[in-house]
Amino acid sequence: MEKIGLVLEGGGVRGAYTAGALAWLCEQGITFDYGVGISSGAVYLCMYEMKNTDLLYKTATTYSSDPANTGFKALAKEKHYVAYLHLFKDCLLEKEKWDITPLIEKNPNIEVGAYDLTKGETVWFSPKEFDKNLDLLRATCALPVASAVVEVNGKRLLDGGITKMIPIERAIEKECTKCLVITTKPKGYVRKPGNKIVRFLMKHIYKECPQAYQDYEVRHINYYKQIDIIQKMVDENKACHILPSETVKVSRFKGDPESCKKLYQLGYEDMERRKEEIYQFMEIQK
């Protein structure tokens, strides 16, 4: 029996591409035996599982591009470069009234990753461990240095992308035989070593967890290992890799609404263009 997994990279604002691709999956009624997401991919995975295409669109195109999320406004309000409390509390909870209680109660076979500063590794959470205040989901997006550490049930958590930018290894650990993988960088993207200033700050801000600094030092190496695993699986027809067919200029932190809409639409259109391939890969009868 095949066990088909859905694997979602993070990417901050670039996650608008993932949101568009997931909206297409929702419209097609396509589901998976297992799903795993990192950072923005974790949040969009939950929205996909709840079939909330309206929130996928709004989060990807409006809230992720909100100027209050980054820079001086964020520093003034939350004392960090990225204001995740604004995004999760003000936007998703208060404005959208996003209630994840149904997801917690249903507890589907999905996981999200966050970096545990006590253990010095990325750990995985199922929906039954989520909280209605979205603190755990906020932790999955908490970029090191740029945002605050999120404390959940005694755990001090950051973005799981410190080690698992594309969580393909977790899907393999969960015994998925085939995976649909959605990543947010176009073909030929070059992952460079971490910024020297960020690396310096990692070493000092998280000095109680030297492993976090060590993991960040080899982050780019781990990324290419994950890409290599995916490519090998593609060659063996064990993976279908969806990635942007063109470059849309947004950064991890910032993007204007029009660029985010374009990226979202690109995600949707890339899925539609590869519809036959996806259906054949998943052995779906039309």
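Residues numbered from 1 in each chain as written. Predicted model: local features only at pLDDT ≥ 70, side-chain atom pairs only at ≥ 80, totals over all residues. Heavy atoms only, no water.

(A) Focus on a nonpolar patch on the surface. A cluster of nonpolar side chains, contributed by Phe-72, Leu-75 and Tyr-81, occupies part of the molecular surface with about 340 Å² of accessible area. With respect to the secondary-structure elements, Phe-72 resides in helix H4 (residues 72-78). (Patch = residues over 30% accessible without salt bridge, like charges linked within 9 Å, V, L, I, M, F, W, Y side chains within 5 Å. Areas by Shrake-Rupley, 256 points an atom, 1.4 Å probe, with all protein chains shown as cover. Salt bridge = Lys/Arg side-chain N within 4 Å of Asp/Glu carboxyl O. Helix = DSSP H or I, 4+ residues; strand = E, 2+ residues; numbered from the N terminus.)

(B) Main features of the packing of helix H3 (residues 53-63) against helix H12 (residues 257-273). H12 packs onto H3 with a crossing angle of 135° between their chain directions and a minimal axis gap of 8 Å. It follows that H3 is oblique to H12 by the angle criterion. Only Pro-257, Cys-260, Lys-261 and Tyr-264 of H12 make contact with H3, whose side of the interface consists of Thr-53, Leu-56, Tyr-57, Ala-60 and Thr-61. Class assignment of the residues belonging to the contact of H3 with H12 gives a composition of six nonpolar, two polar and one charged. (Axes fitted to C-alpha atoms, helices over the stretch in contact; angles between N-to-C directions. Parallel < 35°, antiparallel > 145°, perpendicular 65-115°, else oblique. Contact = heavy atoms within 4.5 Å. Nonpolar A, V, L, I, M, F, W, Y, C, P; charged D, E, K, R; others polar.)

(C) Summary view of the pairing of strand E2 (residues 34-38). The element E2 is largely enclosed, with a buried count of five among its five residues. The alternating pattern of E2 places Tyr-34, Val-36 and Ile-38 and Gly-35 and Gly-37 on opposite faces, both of which are buried. Examined bridge by bridge, strand E1 (residues 4-8) and E2 share four bridges and lie parallel to one another. Bridge pairing in E2 places Leu-8 opposite Gly-37. In terms of handedness, the path from E1 via helix H1 (residues 16-28) over to E2 forms a crossover that is right-handed. Relative to strand E3 (residues 110-116), E2 runs parallel, the two sharing four bridges. The residue bridging Gly-37 from the neighbouring strand is Val-112, located in E3. (Buried < 20%, exposed > 50% of the residue type's maximum accessible area, 1.4 Å probe, protein only. Pairing = 2+ DSSP bridges. Right-handed = clockwise from strand over helix to strand, strands pointing away.)

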